[in-house]
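Next come the chains, spelled out residue by residue.
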Amino acid sequence: MRVVLLLIFLSCTLPGQEPVFQWQFSQKQFKGGMISPSKGNLQLSSTKADFSQGKPTAILTGTEALKVVGGEGKYPQKAISVAAWVKADKTPKWAGITTLIQDNGKYKRGFFLGSRFNKFSFSVAGVKRQSLHYMTCKTPFSTGFWYYVVGSYDGAYQRLYIDGKLDSTYKSNGGDISYPEVQLPTVGAFKDDDETHPFHGKINELSVYDTALSEEFIQKEFEKRKNEFPGIEGTLNNDGQWPTYLGNNERQAASPTELPFPLKQAWSYKARHKPAPAWPLPAKMDYWRENAPKARVIFDRAYHLVGQGNLLYFGSSADHKIYCLDNRTGKEVWSYFTEGPVRLAPSVYEGKVYTGSDDGYVYCNDAATGKLIWKQRLAKEDVRLPGNERMISQWPVRTGVIIEDKIAHFCAGLFPSQGVFRGGADVESGKILANLKLWYSAQGYMQSNSGQIEFSQGRHPAKKFLVTLKRNFKSLSQEMLLLPKEYSYAFIKAGNVHIGGGDGKIIAIDGTKNKVLWRAEVTGRVYSLAVINGRLYASTDEGFIYCFTGKAGAAKAITNNITKKLPYTSKSDQERTEKITRFLLNKRPQLHRGYALVTDLTVKEIYSLCKYSDYQVIAIENDAAKID
């Protein structure tokens, strides 16, 4: 049986935006084992209440649940809001900020404000549905930082607000609030008859209203008191550069740079080959469901740019290279071949570029010259096999590389039955510092989240945590509410401007006035946006990279084409080579498709084989200087 405990409240005759009950936790409120309310007549019972000494003062939770005693009256019936200023120090599976609830099999009553793992949660049971939906916020919280958390219910909708902004909404249509017959309210814990799950951290103030507060009112309350709580406003961990995917390890997709709109196109770069994604687009129609499924594995649909200073970097899934471009001209500075597709953006750190490849290796190259410094793999063996029309490692690196505390973190492998590994390498030497086996797939960009490294599981929407880190700041949530639906492929912020990528178009909208500042047309779907050193960059699934600045001028087009030069010495040499190729292919006409591994053929023979067959040709050349 689960009986979760919360508060007892009185209802006002007329709902208003004044608290029915409120507790402001400080030592002066504590006398004779009781904590007096600042509003209302309900006291909190405590045998060993402990309060913080600094500002803001708060009750230290995690050791005992505070029981509500005294007072009479009814609980809010039509609507309720519960607001708390809290700072969590741990992220257990369950933690209650304040609870009055019973969740026992089919018997579900009351409401809950607390957290589940690293996300705040709110739930209310209504008389119509008699069920509890534990709605969690979209953005995980960071331990060690203050938050203003508000849960509201108006009889139809549950809403959860974080730091004055609406985060999540759930339509329950539950009607009036349904309370349990046994009412054992508590503060600072999720508690029932046989288990207690305390909230580990601090609570400065707890308020209860008998109305569903408006977002405007909640925002005003946050603005009124936010300066009392150091670090409560999210910190942007970005200095105007973009050294890794989405700007930083938290993938905040935001830059402090204020771009001079309207922008002008400075140059466009067309890659030699457009991206070759590992996973195809989803079906256009699903006969069993009304809507076709959405693609989840889209991390390699475009060449995602990273950069610092005047240099840009991206990896190619088509020709297996790491590229460096000059951000002022779009011209290639250097490129480096790996032995497999590079599907995720590199990471730049202290003058070096770190890149994961489908060949199973992580490469460390000099950022200015491209010279290889080291390369390292997690797998004990270098086993290659066909995959996504390429020869790849049995343990490809499809999480990219994330640098934290001078350690390069990455994962290798796709299928747990074949081995998936999580590793860490010293950024200077490449020495493997950790190599652990995982029991789930690892594909997609890793990110630092709430003091841990998190990674996605390919097509599975859930995420896993890998490594615990030291948390130095409170992160920002991504805000996508101001963008039209047709700009859903990519989203970033530059200053207070929201920038979105769509099919053949880009839009910039003022985040305050909701006013369109600028539009641009491009070729392809814009799956990637970045702001680097005062410029906006957009990458599409057609292999185009666009640079936009505030300076007017003629847009330069950079095309990375190969000069077509036939490998034959003469016309007769071409005829002879092609004749031999056709003769050999005709001897096995049923084997003109599939993979062809070539070890000792000349360039002209390989060229002829590609011309007259449908083979996916993989050629091995020991002299790297001959490959380009």
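Nothing here was measured: the structure is a model prediction, and the numbers come from that model. (Residues numbered from 1 in each chain as written. Predicted model: local features only at pLDDT ≥ 70, side-chain atom pairs only at ≥ 80, totals over all residues. Heavy atoms only, no water.)

Moving on: the overall build of the protein. Helix and strand content of the protein: three helices and 47 strands. Restricting the contact set of the protein to residue pairs at least 6 apart, pairs at least 24 apart contribute 57%. By element, 50% of the accessible surface of the protein is carried by carbon and sulfur atoms, the whole surface being about 29,600 Å². (Helix = DSSP H or I, 4+ residues; strand = E, 2+ residues; numbered from the N terminus. Contact = heavy atoms within 4.5 Å. Areas by Shrake-Rupley, 256 points an atom, 1.4 Å probe, with all protein chains shown as cover.)

This part takes up the nonpolar core. Tyr 269, Ile 499, Ile 506, Trp 518, Leu 536 and Phe 548 are the most contacted members of the largest nonpolar core, which has 56 residues in total. If you tally residues by element for this core, the top one is strand E42 (residues 516-532), at eight residues. The contacts of Ile 499, once residues within four sequence positions are left out, are Leu 259, Phe 261, Leu 483, Ala 490, Phe 491, Ile 492, Ala 494, Ile 506, Ile 507, Ala 508, Leu 529 and Leu 536. Counting 43 residues, the second largest nonpolar core, distinct from the first, contains Leu 44, Ala 49, Val 68 and Leu 113. (Core = buried A, V, L, I, M, F, W, Y, C linked by side-chain atoms within 4.5 Å. Buried < 20%, exposed > 50% of the residue type's maximum accessible area, 1.4 Å probe, protein only.)

This next bit is on the packing of aromatic side chains. Under the criterion given, the structure shown has 31 aromatic pairs. Relative to Phe 314, the ring of Tyr 303 lies with its centre 5.2 Å away and its plane at 25°, an arrangement referred to as stacked. Within this pair, whereas Tyr 303 is found in the loop between strand E21 (264-270) and strand E22 (306-308), its partner Phe 314 is found in strand E23 (residues 311-315), the two being separated by eleven residues in sequence. Side by side, Tyr 303 and Phe 314 carry an identical accessibility label, which is buried. Between Trp 518 and Phe 548 the ring centres are 5.1 Å apart and the planes differ by 75°, which places this aromatic pair in the edge-to-face class. Of this pair, Trp 518 sits in strand E42 while Phe 548 is found in strand E44 (residues 544-549), placing the two residues 30 residues apart along the sequence. On the basis of relative accessibility, which here comes to 6%, the residue Trp 518 falls in the buried class. (Phe/Tyr/Trp six-rings, centres within 6.5 Å; stacked < 30°, edge-to-face > 60°.)

It is possible for side chains of opposite charge to pair when their charged atoms get near one another. Evaluated as defined, the whole model comprises 22 salt bridges. Of the charged contacts, one joins Glu 228 and Arg 225 as a salt bridge, the two residues approaching to 2.8 Å between their closest N and O atoms. For Glu 228, a relative accessible area of 39% puts it in the partly exposed group. One salt bridge connects Lys 611 with Glu 578, and the closest N-O pair in it is separated by 3.1 Å. Of the two residues, Lys 611 is situated in helix H3 (residues 603-612) and Glu 578 in helix H2 (residues 571-587); the sequence distance between them amounts to 33 residues. (Salt bridge = Lys/Arg side-chain N within 4 Å of Asp/Glu carboxyl O.)

This part is about unusual backbone geometry. Backbone phi values are negative for most residues with the exception of glycine, while trans is the configuration of most peptide bonds. The step from Lys 55 to Pro 56 runs through a cis peptide bond, and the omega angle for that step is -5°. Residue Phe 261 is joined to Pro 262 through a cis peptide bond whose omega torsion reads 0°. Here Pro 262 lies in the loop between strand E20 (254-255) and E21. At Arg 251, a residue that is not glycine, the phi angle is positive and equals roughly 55°. Summarising the element assignment, Arg 251 is placed in the loop between helix H1 (215-225) and E20. Judged by relative accessible area, which is 7%, Arg 251 ranks as buried.

A few words on the side chain of Gln 22. Here Gln 22 is to be found in strand E2 (residues 21-24). Looking at Gln 22, its side chain comes within polar contact range of the side chain of Ser 207, at 2.8 Å. Among all residues touching Gln 22, those that are not within four sequence positions of it are Pro 37, Ser 38, Lys 39, Glu 205, Leu 206 and Ser 207. (Polar contact = N/O pair within 3.5 Å; in protein donor to acceptor, adjacent residues only side chain to side chain.)

By secondary structure assignment, the location of Glu 404 is in strand E32 (residues 402-404). On the basis of relative accessible area, Glu 404 is assigned to the buried category, the value being 14%. Reaching out from Glu 404, the side chain makes a polar contact with the side chain of Asn 249 at a distance of 3.2 Å.

Next up on the list: H2. An ideal rise of 1.5 Å per residue puts 24 Å on 17 residues; H2 measures up with 25 Å between its terminal C-alpha atoms. Considered for burial, the residues of H2 that qualify are Asp 573, Gln 574, Thr 577, Glu 578, Thr 581 and Leu 585. Buried residues along H2 cover an arc of 120° about the axis, so they all sit on one side. Facing away from the buried surface of H2 by more than 90 degrees, the exposed residues are Ser 572, Arg 576, Lys 579, Phe 583, Asn 586 and Lys 587. (Expected span 1.5 Å × (residues − 1). Arc of directions from axis to C-beta.)

The next subject is H3. The complete set of buried residues in H3 reads Ile 606, Ser 608 and Leu 609. When H3 is viewed along its axis, its buried side chains cluster within an angular range of 160° and face the same direction. Considering only its buried residues, H3 is in contact with H2, strand E46 (593-598) and strand E47 (614-619).

Structural measurements only, silent on function.
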